[in-house]
Amino acid sequence: MSKKAFIFDLDGVIVDTAKYHFLAWRNLANTLGIPFSEAQNEQLKGVSRVRSLQKILEWGNKTISEEEFTNLMIEKNKEYLTYISTMNESEILPDVPRVLDYLIKNQQAIALGSASKNARIILEKVGLIDKFQAIVDGTNVTKGKPDPEVFLIGAKSVGVTPENCIVFEDSVAGIQAANSAQMISIGIGNEEVLHEADYVFTDFTTLTEEFMNSLFITEKV
Ligand code: BG6
Ligand code: MG
């Protein structure tokens with residue numbers, strides 16, 4: 001049996017930070033006079049900070065100077081950091097520790113594959129950082145999801161081939177990234193939104209030990 005690796009996205013999979021990104025982006029968009037809906041926010045999930053701002057400006061048909069762009073990104077992150085500054089383990093999504101501990105008990109490799117540059121701070125705040133053998137985040141990649149780079153680096157860091165990796169993702173861009181990396185993709189969230197995934201679960205509470213056991217012996221075909 002080949003060695004497997006389980007690669008977790010962070011925002012919206014391990015912790016409910018998607019709501020904080022939403023609040024900060026909506027605030028920024030509204031300041032620019034650009035309306036910002038939940039549906040638009042869905043399209044920003046998994047997308048890098050730079051690309052997210054570019055998209056918002058495109059939606060609002062706005063052109064700004066490079067300097068203003070940089071300042072807006074700093075402002076957005078400042079607001080986001082105030083939201084996450086008070087985070088603790090109560091913001092870990094349901095049953096994430098159960099799943100991580102089951103994988104560890106079964107000697108499975110665990111990596112993080114996140115677009116966020118704030119990933120390490122968040123994992124530390126919620127006390128989960130020690131569960132990960134490798135952390136690949138927005139500071140390690142040159143291409144954002146849906147490019148597979150973040151997951152391919154994650155696989156390499158733990159010495160596992162892509163077809164033996166299983167990715168947990170809440171974003172459309174992330175599922176596409178996992179699929180194009182030839183990894184098994186598991187959507188966490190809405191089945192209609194994440195229809196490109198190999199499997200979808202509303203959350204980790206319905207992810208059984210039997211299902212995890214089956215992943216220990218499956219390869220992406
Ligand atoms: C992803 C989020 O995990 O990280 C996106 O889903 C976010 O919404 C991206 O834009 C970058 O995060 P950060 O923390 O570097 O701004
Ligand atoms: Mg996410």
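Residues numbered from 1 in each chain as written. Chains lettered and ligands numbered in written order. Predicted model: local features only at pLDDT ≥ 70, side-chain atom pairs only at ≥ 80, totals over all residues. Heavy atoms only, no water.

1. Considering the packing of aromatic side chains
So, point 1. Enumeration according to the criterion identifies 12 aromatic pairs in this entry.
So, point 2. Considering the side-chain rings of F8 and F132, the 6.4 Å spacing of their centres and the 90° angle between planes classify their relative orientation as edge-to-face. With F8 in strand β1 (residues 5-8) and F132 in the loop between α6 (119-125) and β3 (134-136), the pair connects residues that are 124 residues apart, well separated along the chain. Each member of the pair, F8 together with F132, is buried.
So, point 3. Taken together, a centroid distance of 6.1 Å and an interplanar angle of 40° make the contact between F8 and F204 tilted. Note that F8 is positioned in strand β1 and F204 in the loop between β6 (199-201) and α9 (209-215), a separation of 196 residues in sequence. (Phe/Tyr/Trp six-rings, centres within 6.5 Å; stacked < 30°, edge-to-face > 60°. Helix = DSSP H or I, 4+ residues; strand = E, 2+ residues; numbered from the N terminus. Buried < 20%, exposed > 50% of the residue type's maximum accessible area, 1.4 Å probe, protein only.)

2. Brief notes about the coordination of the magnesium ion (ligand 2)
So, point 1. At 2.0 to 2.1 Å from the magnesium ion (ligand 2) lie its protein donor atoms, namely D9 (OD), D11 (O) and D170 (OD).
So, point 2. The sequence motif formed by the donor residues of the magnesium ion (ligand 2) is D-x1-D-x158-D. Linking D9 in the loop between β1 and α1 (18-31) with D170 in the loop between β4 (165-169) and α8 (172-180), this pair joins segments that are 161 residues apart in sequence. An identical accessibility class is assigned to D9 and D170; each is buried. (Donors = N, O, S within 2.8 Å, 3.2 Å for Na, K, Ca; no water.)

3. Quick word on the site of ligand 1
So, point 1. What surrounds ligand 1 is a group of 15 residues, the closest being D11, R49, S116, K117 and N118.
So, point 2. A distance of 2.8 Å separates an oxygen atom of ligand 1 from a polar backbone atom of G46.
So, point 3. Contact between ligand 1 and R49: an oxygen atom at 2.7 Å from a side-chain N or O atom of the residue.
So, point 4. In isolation ligand 1 offers 390 Å² of accessible surface; the protein chains occlude 97% of this area.
So, point 5. Judged by the fraction of its atoms near the pocket grid, ligand 1 is located in the largest pocket.
So, point 6. Across the shell around ligand 1, the residue classes break down as 4 nonpolar, 7 polar and 4 charged. (Near = heavy atom within 4 Å. Polar contact = N/O pair within 3.5 Å; in protein donor to acceptor, adjacent residues only side chain to side chain. Areas by Shrake-Rupley, 256 points an atom, 1.4 Å probe, with all protein chains shown as cover. 1 Å grid on protein atoms, 1.4 Å probe; cavity = no way out; pocket = protein on both sides within 12 Å on 5 of 7 lines; lining within 4 Å. Sits in = over half its atoms within 2 Å of the grid points. Nonpolar A, V, L, I, M, F, W, Y, C, P; charged D, E, K, R; others polar.)

4. Some words on helix α7 (residues 149-157)
So, point 1. Listing the buried residues of α7 in full gives E149, V150, F151, G154 and A155.
So, point 2. Where α7 is buried, its residues contact β1, β2 (109-113), β3, β4 and α8.
So, point 3. Once α7 finishes, G159 follows within two positions and takes phi at roughly 70°, a positive value. (Contact = heavy atoms within 4.5 Å.)

5. Topic: the environment of T142
So, point 1. Counting through the fold element by element, T142 comes out in the loop between β3 and α7.
So, point 2. Using a relative accessible area of 70% as the deciding quantity, one classes T142 as exposed.

6. Focus on the sheet that holds β2
So, point 1. Read from one edge to the other, the open sheet built from 6 strands follows the order β3-β2-β1-β4-β5-β6, with strand pairing classed as parallel. Each edge of the open sheet is held by one strand with a lone partner, namely β3 and β6. Sheet twist, expressed as the mean angle between neighbouring strand axes with direction ignored, is 20°.
So, point 2. Bridge analysis of β1 against β4 gives 4 bridges, and the strand direction is parallel. If you follow I7 over to β4, its bridge partner there is V167.
So, point 3. Each of β1 and β2 is contacted by helix α5 (residues 96-105), which is oriented at about 160° to β1, the strand it contacts most. (Pairing = 2+ DSSP bridges. Axes fitted to C-alpha atoms, helices over the stretch in contact; angles between N-to-C directions.)

7. Some thoughts on the packing of helix α3 (residues 49-59) against helix α4 (residues 66-84)
So, point 1. Here α3 crosses α4 at 115°, and the two axes come no closer than 11 Å. Comparing the axis directions of α3 and α4 gives the class roughly perpendicular. The two elements α3 and α4 cross, and the hand of that crossing is right-handed. Of the residues in α4, those touching α3 at R49, V50, L53, Q54 and L57 are F69, L72, M73 and N77.
So, point 2. Taken together, the residues of the contact of α3 with α4 break down into 6 nonpolar, 2 polar and 1 charged. (Parallel < 35°, antiparallel > 145°, perpendicular 65-115°, else oblique. Left-handed = near helix turned anticlockwise from the far one by under 90°.)

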